[in-house]
Amino acid sequence: MIKAIRGTRDLLPPETVLWNFVEAAARDVFRQYNFQEIRTPIFEATELFARGVGEDTDIVSKEMYTFEDRTRADSDKGQSLTLRPENTAGVVRAYIEHNLGERGLNKLFYIGPQFRRERPQKGRYRQFYQIGAEVIGPPTAGSESPARDAEILEMLAVLLDRLGVANWTLLLNSVGCFDDRQRYNQALRKALEPVIGQMCEDCQRRAATNPLRVFDCKVPEDQPIIDKLPRISQYLDEPCREHFAEVQAILMAVGVPFVLNDRLVRGLDYYTRTAFEFTHGALGAQNAILGGGRYDGLSEALGGPKAPGIGFAIGEDRLVLSLQESADAVVKKPDAYVAPLGAGMNRPAAGLARELRQHDLIIELGDESFRLKKSLETATKVGARFAIIVGENEIASGVFPLKDQTSGEQVKVQRADLAARIQAAR
Ligand code: HAM
């Protein structure tokens, strides 16, 4: 038997109803904050991620699905391609490629699959879905302003509340600018020197190439050592400190609660200044429901103009997991089951179903080969609120038995009154 590849999965109904519900709510909230959709390709040049996300990150060094293009055209023969592990680099590439800076501030959102070769477990997959957004533009369009950071965070709080995600926590930090990081990396190297021999192999590599990445370490024995390392918060320069203070002040003014956490450095190299995650208690080890932050130097790192930006990506799989208990509430069941009774009745039943659907009702349609008992059983099985019998007599008289599947009560209703009767019970 051919099965779905490890770490990938089929999303089946009724769970897909929840996915649609989440995406519809996100689109609705994005619209209110004036975001518009962008769709970028699922695969990009490997170099984009190496330069954007960073060679020393776990994502680029271990987790990418990379392959050589086998096309015969000489121009792109053997080019190294990668299934996107995240979408910020792709959006910034598109920003540069299409000169989107000419439009001023760009507020863009995306919904789609991402790919990382991680060890699969609950809430962690190799093909997973992100709902993300990016605000990016030239500095003259206000893209650097702490108001943008606060607006994004406030929007996320609104979205999670609207979805009914209870008990989220916003973890907030500033990872400073390029200069702060230079000084901080120096301090980190110094602090790591005497202890690095006791740390895991990955950390030994990180200490040499990119010491900030030591904070991504998950090895339990290393944690007490990491806890004692200097924190980035002690190395922020005055403008970065002021920027971060203003983000916090706006959040307090609009009533979005947050928790400062100066161990939060995020696993991607492009971050500057504000970095954040929203966590959710019920998710266990994979408790980060979304993450994001500022990336003021990313466009330039990819050869583009100065274009500060900030964004986030929600792990849609994890968001849906956190909502699963309330799944029943959003699955809409059919309003009625139309049951054709006897040979030749499929045709008039199809006509009646069409008529009722025009009144925005959800209609399930049976088959004339079913006996009455089987039709009613099927109506129950699909959770229809009503069953409508369509036989020769009903078509001739224009009066239909309407059976309330909850109470068992059956009444005769004129064809023209059926839709209103069903709607009244909604
Ligand atoms: P990230 O933290 O790597 O950030 O991913 C964002 C979210 O995607 C995570 O918080 C998690 O919910 C979800 N996620 C990541 N990996 C997996 C996985 N293997 N299985 C299931 N869910 C996963 C980014 O990707 C950045 N591009 C976010 C961003 C946008 N920063 C600025 N703009």
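Preceding this paragraph is the structure being described.
For clarity, every value in this text was computed on a predicted model and none was experimentally measured.

Draft legend 1. Quick look at the site of the ligand. Close to the ligand lie 27 residues, the nearest being E86, E118, Y125, E134 and Y271. Y271 has a polar side-chain atom sitting 2.6 Å from a nitrogen atom of the ligand. One of the backbone N or O atoms of G315 is found 3.4 Å from an oxygen atom in the ligand. Surface burial for the ligand is 96%, taken as the share of its 660 Å² of free accessible area covered by protein chains. The biggest single contributor to the shell around the ligand is strand β10 (residues 288-294), with 6 residues. Here the shell around the ligand is built from residues that sort into 12 nonpolar, 8 polar and 7 charged.

Draft legend 2. Fine view of the sheet that holds strand β9 (residues 272-280). On the basis of which strands lie adjacent, the open sheet formed by 8 strands has the order β1-β5-β6-β11-β10-β9-β7-β8 and mixed pairing. This sheet does not close on itself; its edge strands, each paired only once, are β1 (36-37) and β8 (259-260). Pairing of β9 with β10 involves 6 bridges; the strand directions are antiparallel. Across the sheet, the residue bridging to A275 is G293, located in β10. Across the sheet, helix α11 (residues 316-323) is in contact with β5 (106-115), β6 (127-136), β9, β10 and β11 (309-315); its angle to β11 comes to roughly 50°.

Draft legend 3. Broad picture of the side chain of D335. When you line up the elements, D335 lands in the loop between α12 (327-330) and β12 (336-340). The exposure class assigned to D335 is buried, which follows from its relative accessible area of 9%. Among residues more than four places away in sequence, those in contact with D335 are L361, I362, A384, R385, F386, I422 and R426.

Draft legend 4. View of the sheet that holds strand β2 (residues 43-45). Read from one edge to the other, the open sheet built from 3 strands follows the order β2-β4-β3, with strand pairing classed as antiparallel. Across the chains shown, the open sheet's two edge strands, defined by having one partner strand only, are β2 and β3 (66-68). With strand direction ignored, the average angle separating the axes of adjacent strands in the sheet is 35°. Judged from the 3 bridges that link them, β2 and strand β4 (residues 80-83) form a sheet pairing that is antiparallel. Its bridge partner lying in β4, F43 is registered against L83.

Draft legend 5. Highlighting the packing of helix α1 (residues 15-32) against helix α5 (residues 146-163). Where α1 meets α5, the axes come as close as 10 Å, and the angle between the chain directions of the two elements is 145°. At the point where α1 passes α5, the crossing takes the right-handed sense. Facing α1, whose interface residues are F21, V22, A25, A26, D28, V29, F30 and Q32, α5 presents M155, L159, R162 and L163.

Draft legend 6. Region of interest: the pattern of salt bridges. According to the stated counting rule, one finds 27 salt bridges in the structure shown. The shortest N-O distance in the salt bridge between E47 and R51 comes to 2.8 Å. Note that E47 and R51 are positioned in helix α2 (residues 46-52) at a spacing of 4 residues, about one turn of the helix. D58 serves as the salt-bridge partner of K62, at 3.6 Å between the closest nitrogen and oxygen. With K62 and D58 both in helix α3 (residues 58-63) and 4 residues apart, this pair spans about one turn of that helix. What makes D58 buried here is its relative accessible area of 16%. Overlapping salt bridges, with partners in common, bring together D58, K62, D202, R205 and R206 in one network.

Draft legend 7. Region of interest: the packing of α5 against helix α9 (residues 238-254). One can describe the packing of α5 onto α9 by two numbers: an axis separation of 8 Å at closest approach and a directional angle of 40°. Relative to α9, α5 is oriented oblique. As α5 runs across α9, the sense of the crossing is right-handed. Here P146, A147, D149, A150, L153 and E154 of α5 come into contact with α9, specifically with H243, E246, V247, I250, L251 and V254. When grouped by side-chain class, the residues that make up the contact of α5 with α9 number 8 nonpolar, 1 polar and 3 charged.

Draft legend 8. Structural context of helix α13 (residues 346-357). With 12 residues, α13 extends 16 Å between its outermost C-alpha atoms, agreeing within 8% with the 16 Å of an ideal straight helix rising 1.5 Å per residue. Considered for burial, the residues of α13 that qualify are A349, L352, A353 and L356. In a view along the axis of α13, the buried residues occupy a sector of 100°, so they form one face of it. Exposed and oriented more than 90 degrees from the buried face of α13 are R347 and R354. Each element contacted by the buried residues of α13 is listed here: β12, β13 (363-365), β14 (386-390), β15 (399-404) and α16 (418-424).

Draft legend 9. Region of the structure containing the packing of aromatic side chains. Per the counting criterion, the structure on display carries 9 aromatic pairs. For the ring pair F30 and F312, a centre distance of 6.3 Å and an interplane angle of 45° mean the geometry is tilted. Of the two residues, F30 sits in helix α1 while F312 sits in strand β11, which places them 282 residues apart along the sequence. F312 carries the same exposure label as F30, and that label is buried. Clustering of aromatic rings is evident, with ring pairs tying together F30, F35, F109 and F312. Over the ring of Y65 we find R117, and its NZ or CZ is 4.4 Å from the ring centre.

Definitions and cut-offs
Residues numbered from 1 in each chain as written. Predicted model: local features only at pLDDT ≥ 70, side-chain atom pairs only at ≥ 80, totals over all residues. Heavy atoms only, no water. Near = heavy atom within 4 Å. Polar contact = N/O pair within 3.5 Å; in protein donor to acceptor, adjacent residues only side chain to side chain. Areas by Shrake-Rupley, 256 points an atom, 1.4 Å probe, with all protein chains shown as cover. Helix = DSSP H or I, 4+ residues; strand = E, 2+ residues; numbered from the N terminus. Nonpolar A, V, L, I, M, F, W, Y, C, P; charged D, E, K, R; others polar. Pairing = 2+ DSSP bridges. Contact = heavy atoms within 4.5 Å. Axes fitted to C-alpha atoms, helices over the stretch in contact; angles between N-to-C directions. Buried < 20%, exposed > 50% of the residue type's maximum accessible area, 1.4 Å probe, protein only. Left-handed = near helix turned anticlockwise from the far one by under 90°. Salt bridge = Lys/Arg side-chain N within 4 Å of Asp/Glu carboxyl O. Parallel < 35°, antiparallel > 145°, perpendicular 65-115°, else oblique. Expected span 1.5 Å × (residues − 1). Arc of directions from axis to C-beta. Phe/Tyr/Trp six-rings, centres within 6.5 Å; stacked < 30°, edge-to-face > 60°. Lys NZ or Arg CZ within 6 Å of the ring centre and 35° of its normal.

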